[in-house]
Amino acid sequence: MEHGCSGRKYGKVWMAMILAASCSAGSGCASGSGDAEPALKAKQVADMLHAVMEADRTAYTREVVNRLVKEQKVQMMDPQTKEAAPLRASEQWKSEHGTLPLPAQMFRMGAEAVAEKKAGFTYALLSKWPVNKQNKAKTEMEMQGLDRVATNAGKAPFYGVEKLGDQSYFTAVYADVAVAPACIDCHNGHKDSPRTDFKLGDVMGGVVIRLPLGGV
Amino acid sequence: MVVKWSWIGLSLCTMGVGTFLSNRLTGEEKSVYLPGETSHGHYQIEAKCESCHTERNEVASDACLACHRQELEDADDSHPPSKFLDPRNASLIERLDARRCDTCHVEHRPMLTNAMGVTLPDDYCYYCHQDVGDERPSHVGLEHDSCQSAGCHNFHDNRGLNEDFLEQHMGEPTTLPRARLPLRVRATRSPLSAADVDVPVEVRAAAIVAEWERSAHARARVNCSGCHGEKPGVSPSATGDGPCIECHSKQSEGFRAGHHGMRVAVGLPAMRTEQARLKMTERSAGRELNCRSCHPAHEHDLERAAVDGCLECHADSHSLAYRGSPHDLARQAELEGRAPEGSGVACAACHLPRVAQQPGAPVLVAQHNQNDNLRPNEKMLRSVCVHCHGLGFAIDALADASLVRRNFRGRSARHVQSMDWVERRRKARATRSGDE
C-alpha cells in the first residue's frame with residue numbers, strides 16, 4: 001500500500017497515516033512527545049538530511065568537478081605516455097589514473113557507507129533518465145515522486161508512505177537539479193544516457209530518502 | 001562373567017573412540033569432522049575450523065571478509081553488499097541475497113561446487129538481469145548461463161571487462177608495438193661490498209659473502225646484521241620468515257593472502273607440497289613453503305625465483321608447457337640481451353605481477369598473492385596482459401582453456417564477442433551524432 005502527495009498539499013488522509021505510524025528511533029523521534037510529533041519529525045528529519053546531502057552534492061559538483069575540469073581545465077601527466085591529459089571525472093575513477101569520481105558516484109558512496117553503518121535511514125539518487133539503469137525508479141512511490149518533482153520543477157518535495165518487504169517507510173523525494181555545466185555535459189554526452197537535452201536548472205532526477213516506520 | 005567382559009570391551013571401545021575423536025579435534029587431521037570435502041579455495045585451512053566457524057558451529061558473518069575484504073575492495077566489487085542494503089533492493093534480495101557471501105559460496109558441498117567455489121547454478125546473473133535485452137539488443141536470446149562463462153562479465157571484478165575499458169583498447173594489434181611489463185624499482189644508493197660486511201671474520205663464509213654481494217640486499221645496503229641481528233653465526237631460518245617480513249611486509253601480506261601462505265596466516269604450519277591438490281613435481285616432495293622456498297638466503301636471484309622458483313614444484317600442464325612457450329622465448333631473448341628489458345615474460349610476470357598500489361603510482365612491490373589475479377582469469381587482463389597485447393586478443397586467449405593449458409602455444413580457438421559489440425555500439429553512436 002503506498003500513499004504519496006506533494007509537500008505543500010498533503011491532506012488529512014496522509015497525515016492520519018503518518019500520525020498512526022510510530023517512528024523508529026533512527027528517525028530521530030523523541031519518546032514521550034505528543035502524537036503529532038512523530039509525523040512532523042519524520043518529515044523534518046528527511047528535510048534536514050536532504051539539506052545536508054544537497055549542500056555537499058552541490059559543493060562537490062561545482063567546487064571540485066566543475067571547477068577543476070571545466071573552469072581550470074587542469075592537466076594531468078599520463079604516467080605511461082608522459083603526456084599531458086585533461087583531468088576528468090570518470091565512472092572508472094578507481095582504476096584510472098588522475099580521474100575524479102562522478103558526482104553521482106560520490107553521492108552513492110556516501111549512501112552505501114551510511115547504509116553499512118545502519119544509521120536508521122537510507123537514501124539514493126534516482127532518475128527517470130538514469131545513465132546507470134540500476135538507478136531508475138523501481139517502486140510505485142519512486143515513480144510518483146520522480147514524476148512529481150520533475151513536473152513541479154523541483155518547487156516542492158514529495159512525501160509518502162510505502163511498504164518494502166515487511167517494512168513500512170516514510171519516503172521523501174527531492175528534486176535533483178543540474179547545478180553546473182559538468183552535470184549537463186556529462187549526461188547529454190554519455191553513451192548510456194536516455195536523455196540528451198538537459199539544460200542548467202533542469203530537474204535531472206531525485207534524491208529519495210527513506211525512514212523506517214513502526215520499528216525496524 | 002560374559003557380562004563383565006562385555007562391559008570391559010564396551011568401555012575400552014568407548015575410550016578408543018573417545019581418544020580418536022579427541023585427537024582429531026586437537027590435531028590437524030580433522031577430516032572426520034568435515035561435513036563434506038572442502039573447496040579448492042579453503043581446503044588448506046580446513047583444520048582450522050575457527051577460521052570460519054563460531055563456537056556454535058555457525059559461519060561467522062565476517063569470516064569471509066576477514067580474508068577477502070581487501071581483494072574485493074581492490075577489485076572495485078561490482079556487487080558489494082552495501083549496494084543491497086537499500087530497502088529499494090528488497091525485491092532483488094528475494095531473488096538472490098547478495099548481502100551474504102554464502103548465498104553463492106557454500107563450503108563443504110563438493111557436488112554443488114562450480115568454478116570459483118560458486119554453489120549456485122551458472123545462470124545466477126539471470127535472476128536479476130533478465131531484462132538486460134531491453135537495454136542491450138545484442139544480449140537478446142543469449143544463454144542464461146553465458147554472462148560469466150563466455151568471458152564477458154564477472155560477478156565481482158570487472159576491471160578488465162567493463163565497456164569503457166574495452167572501448168579504450170579497441171582496434172589494438174595482437175602484440176603492442178611497445179610490449180613491456182612494468183620494471184621493478186631498483187635501489188639507487190651505492191651498494192655495499194665484501195669490505196663492508198659487519199660480522200666477525202671467524203663466521204664469514206667467502207661463498208656466502210660473494211652471493212650476498214651480488215644480491216639486491218647488498219644493493220639496498222642491507223648488511224649481514226640486517227637479517228642475522230646480533231647473532232651473525234645463527235641462521236635466521238630458525239626463526240621462520242621473521243627477518244624477511246620486517247622489511248618486506250607488503251610481499252608477506254600478499255604471500256599470506258594466497259594459497260602459498262594462507263595456512264601460516266591462520267596459524268597452521270606452512271604448506272608442504274605433498275598437501276597440494278595441484279600436481280607437483282616428485283623432486284619437490286617434502287618441501288615447505290616460506291620466503292626461502294623461492295628466494296634462497298643470500299642468493300636472492302630474482303630471475304631464478306621468477307621461473308625456477310615455480311617450476312621446481314608445479315607440475316600441472318600449464319607449468320610444464322612454459323619452457324619453450326612464446327613467453328619463455330621472449331624471456332630468453334631479454335636475458336640474452338636480444339630484446340629490451342621488460343619484454344620477457346616469466347611465470348612470476350603474470351602470477352606475481354608488479355602492480356602499482358594506485359593507478360599511475362610507481363611500482364614498488366610484486367604482488368605475492370599469486371591467486372590475486374588467477375580466477376577468474378580475466379582478472380589478469382588489466383594487471384598483466386594489456387601491457388603487451390591487444391585487449392581483444394588477450395580476452396580471446398584467456399577464454400580458451402586448452403590454449404592456457406598449452407601455455408599460449410598457438411592461437412585461441414575461441415572468440416569472445418564483447419569487443420565486437422562495444423565497437424558496434426560506438427559506431428551506432430557516431431552515426432547518431434553525425435545525423436544530429
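Residues numbered from 1 in each chain as written. Chains lettered and ligands numbered in written order. Predicted model: local features only at pLDDT ≥ 70, side-chain atom pairs only at ≥ 80, totals over all residues. Heavy atoms only, no water.

Draft legend 1. Broad picture of the interface of chain A and chain B. If you look at the interface, chain A gives 27 residues, while chain B gives 26 residues. Viewed at the interface, chain B and chain A are joined by six salt bridges. As a salt-bridge pair, Asp-76 of chain B and Lys-94 of chain A come within 4.0 Å of each other at their nearest N and O atoms. At the surface where chain A touches chain B, the tally comes to 11 residue pairs in polar contact (both at pLDDT 80 or more). When grouped by side-chain class, the residues that make up the side of chain A that touches chain B number eight nonpolar, six polar and 13 charged. (Contact = heavy atoms within 4.5 Å. Salt bridge = Lys/Arg side-chain N within 4 Å of Asp/Glu carboxyl O. Polar contact = N/O pair within 3.5 Å; in protein donor to acceptor, adjacent residues only side chain to side chain. Nonpolar A, V, L, I, M, F, W, Y, C, P; charged D, E, K, R; others polar.)

Draft legend 2. Region of the structure containing unusual backbone geometry. With omega at -15°, the peptide bond leading from Arg-375 of chain B into Pro-376 of chain B counts as cis. Not every positive phi belongs to a glycine, and Lys-73 of chain A is a case in point at roughly 45°. By the secondary structure assignment, Lys-73 of chain A is in the loop between helix H2 (36-71) and strand E2 (75-77). The exposed category is assigned to Lys-73 of chain A, whose relative accessible area is 55%. (Helix = DSSP H or I, 4+ residues; strand = E, 2+ residues; numbered from the N terminus. Buried < 20%, exposed > 50% of the residue type's maximum accessible area, 1.4 Å probe, protein only.)

Draft legend 3. How the structure looks around the pattern of salt bridges. This structure, assessed with the given rule, holds 36 salt bridges over all chains. With a shortest N-O distance of 3.9 Å, Arg-210 of chain A and Asp-86 of chain B are connected by a salt bridge. Taken together, the residues span two chains, with Arg-210 of chain A in strand E9 (residues 203-213) and Asp-86 of chain B in the loop between helix H2 (63-74) and helix H3 (90-95). Assigned by exposure class, Arg-210 of chain A and Asp-86 of chain B land together as buried.

Draft legend 4. A look at the side chain of His-190 of chain A. All names here are of chain A. Within the secondary structure, His-190 sits in the loop between helix H5 (181-189) and E9. At 3.4 Å, the side chain of His-190 forms a polar contact with the side chain of Glu-91. Only 2.9 Å separates the side chain of His-190 from the backbone nitrogen of Asp-192, close enough to count as a polar contact. In this view, His-190 contacts Glu-91 and Val-131; residues no more than four positions away in its chain are not counted.

Draft legend 5. Spotlight on the environment of Thr-174 of chain B. All names here are of chain B. Relative to the helices and strands, Thr-174 resides in the loop between helix H6 (163-168) and helix H7 (206-213). When the C-alpha atoms of Thr-174 and Pro-340 are compared, they prove to be 19 Å apart, with 166 residues separating the residues in sequence. The contact partners of Thr-174, leaving out residues within four places of it in the chain, are Cys-388, His-389, Gly-390, Phe-393 and Arg-411.

Draft legend 6. Geometry of the confidence of the model for chain B. Looking at chain B, pLDDT values average 90 and 94% of them are 70 or higher. The ipTM, which scores confidence in the relative placement of chains, is 0.79 for this predicted complex, and the corresponding pTM is 0.87. (pLDDT = per-residue confidence, 0-100.)

Draft legend 7. Quick look at the state of the cysteines. Residues and elements named next belong to chain B. In total, this model carries zero disulfides over all chains according to the counting rule given. No disulfide involves Cys-291; its sulfur sits 4.0 Å from that of Cys-244, the nearest cysteine. Looking at Cys-388, it has no disulfide partner, and the nearest cysteine sulfur is the one in Cys-350, 8.4 Å off. For Cys-388, a relative accessible area of 9% puts it in the buried group. (Disulfide = S-S within 2.5 Å.)

Draft legend 8. Structural context of the pairing of strand E6 (residues 122-126) of chain A. All names here are of chain A. Burial analysis of E6 places five of its five residues in the buried class, which makes it a mostly covered element. Bridging between E6 and E9 involves five bridges; their strand directions are antiparallel. Pairing of Tyr-123 across the sheet is with Ile-209, part of E9. (Pairing = 2+ DSSP bridges.)

Draft legend 9. Molecular detail of a nonpolar patch on the surface. Residue and element names in this part refer to chain B. There is a patch of nonpolar side chains on the surface, built from Trp-5, Ile-8, Leu-12 and Met-15 and spanning about 460 Å² of accessible area. Structurally, Leu-12 can be placed in helix H1 (residues 2-26). Classification of Leu-12 as exposed rests on a relative accessible area of 55%. (Patch = residues over 30% accessible without salt bridge, like charges linked within 9 Å, V, L, I, M, F, W, Y side chains within 5 Å. Areas by Shrake-Rupley, 256 points an atom, 1.4 Å probe, with all protein chains shown as cover.)

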